[in-house]
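# Inside the fold
Okay, here's what each chain looks like letter by letter:
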Amino acid sequence: MTPDPEVRFRACLDDVAAYKPGRPPARTDGRPTYKLSSNENPYPPLPGVLAAAVQAAEQMNRYPDMGAVELLEALSARFGVPVSDLAVGTGSVALLYHLLQATVHDGDEVVYAWRSFEAYPIAVQLTGATSVQVPLTDEARHDFKAMEAAITDRTKVVLVCTPNNPTGPVVHRDELLAFLDAVPSNVLVVLDEAYREFVRDPDVVDGVDLYRDRPNVLVLRTFSKAYGLAGFRVGYAIGHPDVVGAIRKCALPFGVSYVAQAAAIASLQVEEELLERVESLVAERTRVVATLRASGWEVPDTQTNFVWLDLGEETVAFSEAVQAEGVSVRPFPGDGVRVSIGEPEANDLFLQVACAWRS
Ligand code: PMP
């Protein structure tokens, strides 16, 4: 038998739970299956985006542009921000890891709402810092008064997920501004806006507007959701050049592949068409939420491409019932189920099970 290694690992790794990806759907005797467990975009790539990626693949023997110059310039033009305020990474989750590496270690605290994005506790724990989780309100929204009270002199970073994964509501401008006024200016407030393009609530806070006057605000966004590039891994950060510079120092060399850079640039060129697809998903979201509410479900406001069902102890049974119809969803045992908005046929299958569940 192979002997156990005597390698010494950092103690903070001991209780790190592995990130659980959304399950693929189970097979159902030849019937179509659908994945509504990872908040992916159900649409296939647009032809121009695919062609740009295929062309870029011809250069796979070369390293990508480490500075991602063309992509940074395209983002700079798109958002009207200088290149010095931008960083790209292999998904916005990579940028989150880099910035935590740049800011916290043993003894530091990172405050965020809970439940929120599953990657937060893992990313924080890997640095040796401590997560301070502040329960959401009854409407599944951030409780900023409680978050303010949770800040101590050990707090270096606050993570704000808007709209919140997995519950759906956005953070409003007025509540965030009041919170920022109360937070010490040496605490970095990260706005994770992965689902920003799905937001239709006019009172939403917009990180890109906000960071210009607030050097302790960093915005994270991604090409994974609205732009449909989840498989290519491209996200970006927008913030003060010192904060962005610290992230860049921690980034893996040549992280974002040339194919991913090319697809992201092409996506910005066909953004209008991509955002029309987002509009269809938003229309589907409206239909799904209305149908659920009409059949007795209490669904929190969702400004994302998913809905949250507060199922408590019924979580696992419900997700298995949906799975039996060939649709995978995301259960958080004991808490609730997150269901992505997919193609109409997938949403219909999910709604059939959900409406029957409540009758
Ligand atoms: N933030 C939130 C809130 C998310 O839900 C996700 C994806 N599940 C991410 C960040 C990461 O996205 P990516 O790394 O694909 O850009």
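Everything numeric in this text was worked out from a predicted model, so none of it was measured.

## Details of empty space enclosed by the protein
Inspection of every chain in the model, using the stated rule, returns 2 cavities of 30 Å³ or more. As a volume, the largest cavity reaches approximately 70 Å³. Around the largest cavity, the lining residues are Asn41, Tyr43, Pro44, Pro45, Leu46, Val49, Ala226, Tyr227, Gly228, Leu229, Leu274 and Arg277. Here the residues of the lining of the largest cavity sort into 9 nonpolar, 2 polar and 1 charged. Looking at the second largest cavity, its volume works out to about 30 Å³. Residue lining of the second largest cavity: Tyr19, Ser116, Phe117, Glu118, Asn165, Pro166, Arg330, Phe332 and Arg338, and that is the complete set.

## Things to note about unusual backbone geometry
Note the cis peptide between tryptophan 114 and arginine 115, where omega equals 15°. Structurally, the position occupied by arginine 115 is in the loop between β3 (109-114) and α4 (119-127). With an omega dihedral of 15°, the bond running from asparagine 165 to proline 166 counts as a cis peptide bond. Looking at the element boundaries, proline 166 is found in the loop between β5 (155-161) and α6 (173-182). Positive phi, close to 55°, is recorded for asparagine 39, a residue that is not glycine. Considering the arrangement of structural elements, one finds asparagine 39 in the loop between β1 (34-35) and α1 (47-57). Classification of asparagine 39 as buried rests on a relative accessible area of 1%. We note that arginine 233 has phi near 65°; this positive angle belongs to a residue other than glycine. Tracing the sequence through the fold places arginine 233 in the loop between β7 (217-222) and β8 (235-238).

## A look at the pattern of salt bridges
Per the counting criterion, the structure on display carries 16 salt bridges. The closest approach of N and O atoms between glutamate 109 and arginine 154, which form a salt bridge, is 3.0 Å. Taken together, the residues glutamate 109 in strand β3 and arginine 154 in the loop between α5 (144-150) and β5 connect sequence positions 45 residues apart. The class for arginine 154 is partly exposed, based on a relative accessible area of 41%. A salt bridge links aspartate 348 to arginine 287; its shortest N-O distance comes to 2.9 Å. In this pair, aspartate 348 sits in helix α12 (residues 344-358) while arginine 287 sits in helix α10 (residues 271-294), placing the two residues 61 residues apart along the sequence. A residue is classified by how much of its surface remains accessible, and aspartate 348, at 34% relative accessible area, is partly exposed.

## Looking at the packing of α1 against helix α9 (residues 258-269)
The N-to-C vectors of α1 and α9 enclose an angle of 155°; their axes lie 8 Å apart at closest approach. As judged from the angle between their axes, α1 and α9 are roughly antiparallel. α9 is crossed by α1, and the crossing has right-handed handedness. Where α1 abuts α9, its residues Gly48, Val49, Ala52, Ala53, Ala56 and Ala57 lie against Tyr258, Val259, Ala262, Ala263, Ala266 and Ser267.

## Things to note about the site of the ligand
What surrounds the ligand is a group of 13 residues, the closest being Ser92, Asp192, Tyr195, Thr222 and Ser224. Tyrosine 195 is positioned with one of its side-chain polar atoms (N or O) 2.6 Å from an oxygen atom of the ligand. Here an oxygen atom of the ligand and a side-chain polar atom of arginine 233 are 2.7 Å apart. Mapping the ligand onto the cavity grids shows that it belongs to the largest pocket. Grouping the constituent residues of the shell around the ligand by class yields 5 nonpolar, 5 polar and 3 charged.

## Focus: the sheet that holds strand β6 (residues 188-192)
Reading across from one edge, β2-β8-β7-β6-β5-β3-β4 is the order of the 7 strands in this open sheet, with mixed pairing throughout. Among the strands making up the open sheet, the edge pair consists of β2 (86-89) and β4 (130-135). Neighbour to neighbour, the strand axes of the sheet diverge by 20° on average, direction disregarded. Pairing analysis gives 4 bridges linking β6 to β7, with the strands arranged parallel. Paired with leucine 191 across the bridge in β7 is valine 219. Docked against the sheet, helix α8 (residues 241-250) engages β2, β6, β7 and β8, running at close to 25° with respect to β2.

## Comments concerning the side chain of arginine 338
Structurally, arginine 338 is set in strand β12 (residues 336-340). Buried and without a salt bridge, arginine 338 has glutamate 118 as its closest oppositely charged side chain, separated by 7.6 Å. Within polar-contact distance, the side chain of arginine 338 engages the backbone oxygen of serine 37 at 2.9 Å. A distance of 3.4 Å separates polar atoms of two side chains, one belonging to arginine 338 and the other to asparagine 39. If we ignore the near neighbours within four places in the chain, the residues touching arginine 338 are Leu36, Ser37, Ser38, Asn39, Asn165, Pro166, Phe306, Val307, Trp308, Val329, Arg330 and Phe332.

About the thresholds
Residues numbered from 1 in each chain as written. Predicted model: local features only at pLDDT ≥ 70, side-chain atom pairs only at ≥ 80, totals over all residues. Heavy atoms only, no water. 1 Å grid on protein atoms, 1.4 Å probe; cavity = no way out; pocket = protein on both sides within 12 Å on 5 of 7 lines; lining within 4 Å. Points joined across faces, edges and corners; volume = space filled by probe spheres on them. Nonpolar A, V, L, I, M, F, W, Y, C, P; charged D, E, K, R; others polar. Helix = DSSP H or I, 4+ residues; strand = E, 2+ residues; numbered from the N terminus. Buried < 20%, exposed > 50% of the residue type's maximum accessible area, 1.4 Å probe, protein only. Salt bridge = Lys/Arg side-chain N within 4 Å of Asp/Glu carboxyl O. Axes fitted to C-alpha atoms, helices over the stretch in contact; angles between N-to-C directions. Parallel < 35°, antiparallel > 145°, perpendicular 65-115°, else oblique. Left-handed = near helix turned anticlockwise from the far one by under 90°. Contact = heavy atoms within 4.5 Å. Near = heavy atom within 4 Å. Polar contact = N/O pair within 3.5 Å; in protein donor to acceptor, adjacent residues only side chain to side chain. Sits in = over half its atoms within 2 Å of the grid points. Pairing = 2+ DSSP bridges. Lys, Arg positive; Asp, Glu negative; His and termini not counted.

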